[in-house]
Amino acid sequence: MKRIYKTFRFAYETRFWISSLQSKYDEELQKEIANGLEVQTDTDFEEKNNALFKAIAFTFTLNITIGSILDKAIAETKDFSEKEWKALATEAEIQKNNIDNVKFKDATPSVYLRQTTYEELEKLQLKLRGDMPRLPKKTYIIKLAVFYLYKKEFC
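All of the points below concern the structure found in this document. (Residues numbered from 1 in each chain as written. Predicted model: local features only at pLDDT ≥ 70, side-chain atom pairs only at ≥ 80, totals over all residues. Heavy atoms only, no water.)

### Notes on helix α1 (residues 12–34)
As a reminder, the rule being used: The numbering of helices and of strands both runs from the N terminus, where a helix is a DSSP run of H or I of at least 4 residues and a strand a run of E of at least 2. To estimate how far a helix should extend, the number of its residues minus one is multiplied by 1.5 Å. Three labels apply to residues, based on accessible area from a 1.4 Å probe with only protein chains included: buried if under 20% of the type maximum, exposed if over 50%, partly exposed otherwise in between.
Taking 1.5 Å per residue as the helical rise, α1 with its 23 residues ought to reach 33 Å, and the 33 Å between its terminal C-alpha atoms agrees with that figure. If you check which residues of α1 are buried, you get Tyr-12, Glu-13, Thr-14, Trp-17, Ile-18, Ser-20, Leu-21, Gln-22, Tyr-25 and Leu-29. Once α1 ends, the next one or two residues include Gly-36, with phi positive near 100 degrees.

### Regarding the packing of aromatic side chains
For the record, the criterion: Any Phe, Tyr or Trp ring, taking Trp's six-membered ring, that has another such ring centre within 6.5 Å forms a pair; planes under 30 degrees apart are called stacked, those over 60 apart edge-to-face, and the others tilted. Criterion for a charge above a ring: Lys NZ or Arg CZ within 6 Å of the ring centre, and within 35 degrees of the ring normal.
Considering all chains together, one arrives at eight aromatic pairs under this definition. Ring geometry for Phe-80 versus Tyr-148: centroids 5.0 Å apart, planes at 90 degrees, classification edge-to-face. With Phe-80 in the loop between α3 (66–77) and α4 (82–95) and Tyr-148 in helix α6 (residues 138–154), this pair connects stretches of sequence that are 68 residues apart. Tyr-148 gets classed as partly exposed once you look at its relative accessible area, which sits at 21%. Here the aromatic residues Phe-16, Trp-17, Phe-147, Tyr-150 and Phe-154 are joined through ring pairs into a cluster of three or more. Across from the ring centre of Tyr-118, 4.7 Å away, lies the NZ or CZ of Lys-6, which sits over that ring.

### Describing the pattern of salt bridges
Short version of the rule: Each reported salt bridge corresponds to a side-chain nitrogen of Lys or Arg within 4 Å of a carboxyl oxygen of Asp or Glu.
Tallied over the entire structure, the rule returns eleven salt bridges. Linking Lys-24 and Glu-28 is a salt bridge whose minimum nitrogen-to-oxygen distance equals 2.7 Å. With Lys-24 and Glu-28 both in helix α1 and four residues apart, the pair spans about one turn of that helix. For Lys-24, a relative accessible area of 23% puts it in the partly exposed group. As a salt-bridge pair, Lys-24 and Glu-153 come within 3.5 Å of each other at their nearest N and O atoms. With Lys-24 in helix α1 and Glu-153 in helix α6, the pair connects residues that are 129 residues apart, well separated along the chain. Residues joined by salt bridges that share partners form a network here, namely Glu-13, Glu-93, Lys-96 and Lys-143.

Right, here's the structure in full:
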């Protein structure tokens, strides 16, 4: 799967939700690693490939990144109806008032995400445009998709 770098300017609430999700998913990942996830992955790969790979030392880096969270968020929301997106937008606007915006400032990270995720973002822009003169911003769609994940995990 091809990945690309893109830069997005996230609002403080998006940054807060992403940070919360990263912490939660990282904690879950560390538990899986403690239960032998790395060894299992190494063994599975070695067993499924030819003899050449048995001579290779594998080093796996397992990270929860902004890009991986965006990949998951977009994948889970890409089939939402316009009505579901509007309801999500309304709820996100209410929930953002519960966040301490002093701690989480706007951020402009360079995100490494799947190219298919970026293409889905572009499709969602067209889908959610409706009768508006301009396309909704990708960061707005990301904000709502990440909020959906946050709501699913924490509320």
